[in-house]
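# Descriptive analysis of the structure
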Number of protein chains: 2
Amino acid sequence: MSFEFKDLSERKKLILQAIIDAHISGGEPVGSKYLTQNLPISISSATIRNEMAELEDMGLLEQPHTSAGRVPSEYGYRFYVNSLMKGYEMTMKEIDELNRLTKSKQEKLDHILESAAKLMGNMTNYTSLAFKGNTPTTVITQFKTMRMGAGKFLLVMMTSDENVQTKVINHGFEVSDDSLERLEAVLNKYLCNVDLEQVTLSLISEMERAVGVEAAALINPIVKGVYDVINQNAAGELKFQGVDRLLQYPEFSDIGRFRGLLGAIEKKDDILDIVSHSKKDEINVYIGSENSVDVMNNSTLIFRTITQGDKVVGAIGVIGPCRMDYSKVIATVDYLSRNIQQMMDNDKLLPDKESEDKK
Amino acid sequence: MSFEFKDLSERKKLILQAIIDAHISGGEPVGSKYLTQNLPISISSATIRNEMAELEDMGLLEQPHTSAGRVPSEYGYRFYVNSLMKGYEMTMKEIDELNRLTKSKQEKLDHILESAAKLMGNMTNYTSLAFKGNTPTTVITQFKTMRMGAGKFLLVMMTSDENVQTKVINHGFEVSDDSLERLEAVLNKYLCNVDLEQVTLSLISEMERAVGVEAAALINPIVKGVYDVINQNAAGELKFQGVDRLLQYPEFSDIGRFRGLLGAIEKKDDILDIVSHSKKDEINVYIGSENSVDVMNNSTLIFRTITQGDKVVGAIGVIGPCRMDYSKVIATVDYLSRNIQQMMDNDKLLPDKESEDKK
DNA sequence: TTTAGCACTCAAGACCATTAAGTGCTAATC
DNA sequence: GATTAGCACTTAATGGTCTTGAGTGCTAAA
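Structure report, in brief. Keep in mind the model is a prediction, meaning the values are calculated, not measured. (Residues numbered from 1 in each chain as written. Chains lettered and ligands numbered in written order. Predicted model: local features only at pLDDT ≥ 70, side-chain atom pairs only at ≥ 80, totals over all residues. Heavy atoms only, no water.)

### Digging into the pairing of strand β9 (residues 299–308) of chain A
Residues and elements named next belong to chain A. Rule in force here: Remark: exposure states derive from per-residue accessible area (1.4 Å probe, protein chains only) relative to the maximum for the residue type, with buried under 20%, exposed over 50%, and partly exposed in between. Strands are runs of DSSP state E lasting at least 2 residues, helices are runs of H or I lasting at least 4, and numbering of each runs from the N terminus. Between any two strands, pairing holds if DSSP finds at least two bridges.
Counting buried positions over the ten residues of β9 gives nine, a clear majority of the element. For strand β8 (residues 284–287) and β9, the ladder comprises four bridges, and the chain directions are antiparallel. Looking at the pairing, N284 lines up with F303 of β9. Here β9 runs beside strand β10 (residues 311–321); their pairing, made up of ten bridges, is antiparallel. From the neighbouring strand, T305 faces β10, where its bridge partner is A315. Between β9 and β10, which pair antiparallel and follow one another directly, the connecting turn spans two residues, one of which, G309, has a positive phi of 65°.

See below:
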């Protein structure tokens, strides 16, 4: 991107585009002879060779070896994606499939993301990724207790990220209705909207006193439960589907290369890092070494985040070799993620702001 | 197993064992010359060759080609596992690691299974699998409602498999405390312990009448929610960790073979099928084509289920090439799964049966 | 029954020639 | 000055031949 692409002649653009298109669909290096027959203009192979040499000097093409044709470089793909690529026209069948999915509203977000990713993988024939963000719970906003039968009750906690968590508390002994009510009151008084750091030993013993003898023994396990809820996987979850599809591409027939990528997919943190530092509300395209994970040198990562307000709550995308059908993949990721985003936005309208509804 | 192994002479056993041990650690076919120097008895290479030829006739050994040494067949491995293998002595370090994990009791079962599987993968250097069974919810045993602030309430459902599920119900309009109480009563009256098949349209309208005008509109979304809870992923969840580790074994340097296995891992249903039809409370070892998935011809699957009462609630295990360090893997899977099982059993004791405690 | 010895087999590696694709460069042409 | 024809050159891929080495099976002797 630190590149200045403007000074490309029309003819060079045509040639570059033809090379990339041919390489994307065929996977082989593209030679001058092939191009003489597959260009909208008719020029000789020698001219094409000269142009290709210049495009190579500019860093847009590469040669695997002297007697081979040319292959797009990462910069070449980048240029293609930024300024050459034609928009992909989705077929009715594809749109139908996508719509069928996004119609089923009542699912939970992570289910939607996962099935969207699955569909995306099927359509593009690459590996799909689904990221479910986890807006970290910082505090509990409300406690409720619910008797569940002999010897146990349910502790319901509403969290600051508008979720609900429950925990079954097994107390071997009997707890009276009175005690349970007092317990609920005490929890709401002492632990609501409270930072974990502030829960000191003296606070705990104060709670134990306040709740009375009968239920005092329950305070400790409950505090532990609160701790668990707040600290649970704040990193979010990243899932991949269809990793086996990668193996059909010749760029991964070298087991060493594939192993590197598979390692990154297994470890997850590198990719998680990329996803969580990406731009919101637009398609992110990381081509080859653009994503700093060096083991993904010849892989491309394409995704778009799903936001709620200004929080990133998820992302879906695709991972595959640099030689990727960019226009189709980008169109698919875009369409699908936009639809999910819209669902989110619509859902949001209902409970909160009727003001916007009225406008 | 349909094999009769008894008629193996002591010497044949020694030779077979030596071949398998050598092959497991080295990965190469084992020849007669090597064995002359690595057997507790001293016999000539010619004798060994004769014995090996017989072992091959019996189906315990195989020859990649005429001028190569011998390699254990799947039956060979099976015999090894059933009657030859020496128990693996875990090192203190390994036991420590395992214990550290199983000490942290308060985790949820799926977390425990996953981290156990992860540890197991690290220790054995194969791919680990963790299966979290899902005893299907057949009915809801109790409903509770809980007001959650403006315009929404929480529906808490206790299910027949002793779990708790919640669902936030957004009602745009106001619902009085009275209506909410009536709603709860109606739900408990009409939907508790009721098979989904019995929920007919006329039942629904009866409920709508019973609950009163104000909350009638809520019945439908709630019934939908119940439906979702009951039908949710009854199949259980199967997760793999460290798939990339497989690539370090030469048997998967052929990309075609690996692709097959990876496909099975991705699709999951075949392996899920094997796991869910396995024997309870013992180590299951599926060597090569013993697991009917033909793409796993040269892979071995080792796991043990975790049960609660007589229900299978989970499983952990390992997947790798047939040439596997069986004694170590089996020991590890066994130790770890037994500990988790014990945790489960102990947990169970607390709330339910003090009778057993007294004994 | 065991063993020494020998002929035989086969995969793997080294070496070589051939082929085909594609290039870069020069000189002629438009 | 841009384009093109033509040619020498480079290189990967393919396939053949030879050699080597590990390992076997079989026979005959111990």
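That was the structure; now back to the text.
### Notes on the packing of aromatic side chains
Operational definition: Two aromatic rings from Phe, Tyr or Trp, using only the six-membered ring of Trp, form a pair when their centres are within 6.5 Å; if the ring planes differ by under 30 degrees the pair is stacked, by over 60 it is edge-to-face, and anything between is tilted.
By the definition in use, this model includes eleven aromatic pairs over all chains. Plain terms: the ring middles of Y126 of chain A and Y249 of chain A are 5.1 Å apart, the flat faces sit at 25° to each other, and that makes the pair stacked. With Y126 of chain A in the loop between α6 (109–124) and β3 (127–132) and Y249 of chain A in the loop between β7 (237–241) and α10 (255–267), the pair connects residues that are 123 residues apart, well separated along the chain. Ring geometry for Y286 of chain A against F303 of chain A: centres 6.0 Å apart, planes inclined by 5°, an arrangement best described as stacked. Note that Y286 of chain A is positioned in strand β8 and F303 of chain A in strand β9, a separation of 17 residues in sequence. Across the pair, exposure class does not vary: Y286 of chain A and F303 of chain A are buried alike. Grouping aromatic residues by their ring pairs yields a cluster made of F252 and F258 of chain A together with F252 and F258 of chain B.

### Description of the pairing of strand β5 (residues 152–159) of chain A
All names here are of chain A. Across the eight residues of β5, seven count as buried, placing the element largely inside the fold. Relative to β5, strand β4 (residues 140–147) runs antiparallel, the two sharing seven bridges. Within β5, the residue paired with T145 across the bridge is L155. With antiparallel pairing between neighbouring strands as the criterion, β4 and β5 make up a hairpin whose turn holds four residues, including G149 at a positive phi of roughly 115°. Across seven bridges, the pairing between β5 and strand β6 (residues 164–170) is antiparallel. Bridging across to β6, L154 finds its partner in V168. Connecting β5 to the antiparallel partner β6 that follows it, the hairpin turn spans four residues, and E162 within it adopts a positive phi of roughly 65°.

### Concerning the sheet that holds β8 of chain A
Residues and elements named next belong to chain A. We count it as follows: The angle between two axes is taken between their N-to-C directions and runs from 0 to 180 degrees, where each axis is a line fitted to C-alpha atoms and a helix contributes only its stretch in contact. Any pair of residues with heavy atoms lying within 4.5 Å of one another is described as a contacting pair.
The strand order across the open sheet formed by five strands is β7-β3-β10-β9-β8, and the pairing between neighbours is antiparallel. Taken across any chain shown, the strands that pair with only one partner, and hence form the sheet edges, are β7 and β8. Here the average twist between neighbouring strands, direction ignored, is 20°. Where β3 meets β7, five bridges bridge the pair, whose relative direction is antiparallel. Opposite L129, over in β7, you have F240 as the bridge partner. Where helix α11 (residues 269–276) meets the sheet, it contacts β3, β7, β8, β9 and β10, and its direction lies at approximately 55° from that of β9.

### Details of the pattern of salt bridges
Residues and elements named next belong to chain A. How we decide: Any carboxyl oxygen of Asp or Glu that lies within 4 Å of a side-chain nitrogen of Lys or Arg is treated as forming a salt bridge with it.
Per the counting criterion, the structure on display carries 29 salt bridges over all chains. For E114, the salt bridge is made with K239, and the minimal N-O distance between the two is 3.1 Å. Residue E114 is located in helix α6, and its partner K239 is located in strand β7; the two are separated by 125 residues in the primary sequence. Owing to a relative accessible area of 27%, E114 belongs among the partly exposed residues under this scheme. Overall, the relative accessible area of 22% leaves K239 in the partly exposed class. Each of R11, K12, E51 and E54 takes part in one network of salt bridges that share partners.

### Describing the interface of chain A and chain B
Operational definition: Here's the idea: put two parts together, see how much 1.4 Å probe accessible area each one loses, and the total over both is what we call buried area. In protein, a polar contact means a hydrogen-donor-capable atom and an acceptor-capable atom, both N or O and within 3.5 Å, with residues adjacent in sequence counting only if both atoms are side-chain atoms; elsewhere, any N or O pair within 3.5 Å suffices. For this classification, Asp, Glu, Lys and Arg are treated as charged, while Ala, Val, Leu, Ile, Met, Phe, Trp, Tyr, Cys and Pro are nonpolar and the rest, including Gly, are polar.
On the side of chain B, 33 residues touch chain A, which itself brings 33 residues to the contact. Where chain A abuts chain B, roughly 2,800 Å² becomes buried across the two surfaces, and 65% of that area is made up of carbon and sulfur atoms. A salt bridge links E237 of chain B to K239 of chain A; its shortest N-O distance comes to 3.9 Å. Where chain A packs against chain B, one counts four residue pairs in polar contact (both at pLDDT 80 or more). If you list the elements that add at least two residues to the side of chain A that touches chain B, you get β4, β5, β6, β7 and α10 of chain A. Ranked by residues supplied to the side of chain A that touches chain B, first place goes to α10 of chain A with six residues. Of the residues belonging to the side of chain A that touches chain B, the class tally is 14 nonpolar, nine polar and ten charged.

### Details of the protein's contact with DNA strand C
Stated formally: It suffices for a single heavy atom of a residue to lie within 4 Å of a molecule or strand for the residue to be listed as near it.
The local shell around DNA strand C holds 20 residues, among which S32 and R70 of chain A together with T47, T66 and S67 of chain B are the closest. One of the side-chain nitrogen or oxygen atoms of R70 of chain A is found 2.9 Å away from a phosphate oxygen of DNA strand C. Put simply, the parts of the chain that give the surface near DNA strand C at least two residues each are α3 (45–57) of chain A together with α3 (45–57) of chain B. Looking at the surface near DNA strand C, the element that brings in the most residues is α3 of chain B, giving four residues. Taken together, the residues of the surface near DNA strand C sort by class into four nonpolar, twelve polar and four charged.

### As for unusual backbone geometry
If you check the backbone angles, K268 of chain A has positive phi at about 75° while not being a glycine. Looking at the element boundaries, K268 of chain A is found in the loop between α10 and α11.

### A closer look at the relation of the copies chain A and chain B
Note the following rule: To superpose the copies, least squares is applied to the C-alpha atoms of every residue with a pLDDT of at least 70 in both.
Its rotation angle being 180°, the transformation that places chain A on chain B also includes 0.0 Å of axial translation and leaves an RMSD of 0.1 Å. Such values leave the two copies arranged in the relation of a two-fold axis. Ranked by how close their C-alpha atoms come to the rotation axis, the residues of chain A are headed by I255 of chain A, at 3.5 Å. A symmetric contact is evident, with 100% of the interface residues of chain A recurring at the interface of chain B.

### Overview of the nonpolar core
Keep this limit in mind: Working definition of a nonpolar core: buried Ala, Val, Leu, Ile, Met, Phe, Trp, Tyr and Cys residues. They are joined through side-chain atoms within 4.5 Å.
Counting residues in each nonpolar core, the largest one holds 156 residues, and the members touching the most others are F258 and Y326 of chain A together with F258 and Y326 of chain B. For Y326 of chain A, the residues in contact, after removing those within four places along its chain, are I24, Y77, Y80, V81, M85, V285, I287, T300 and I302 of chain A.

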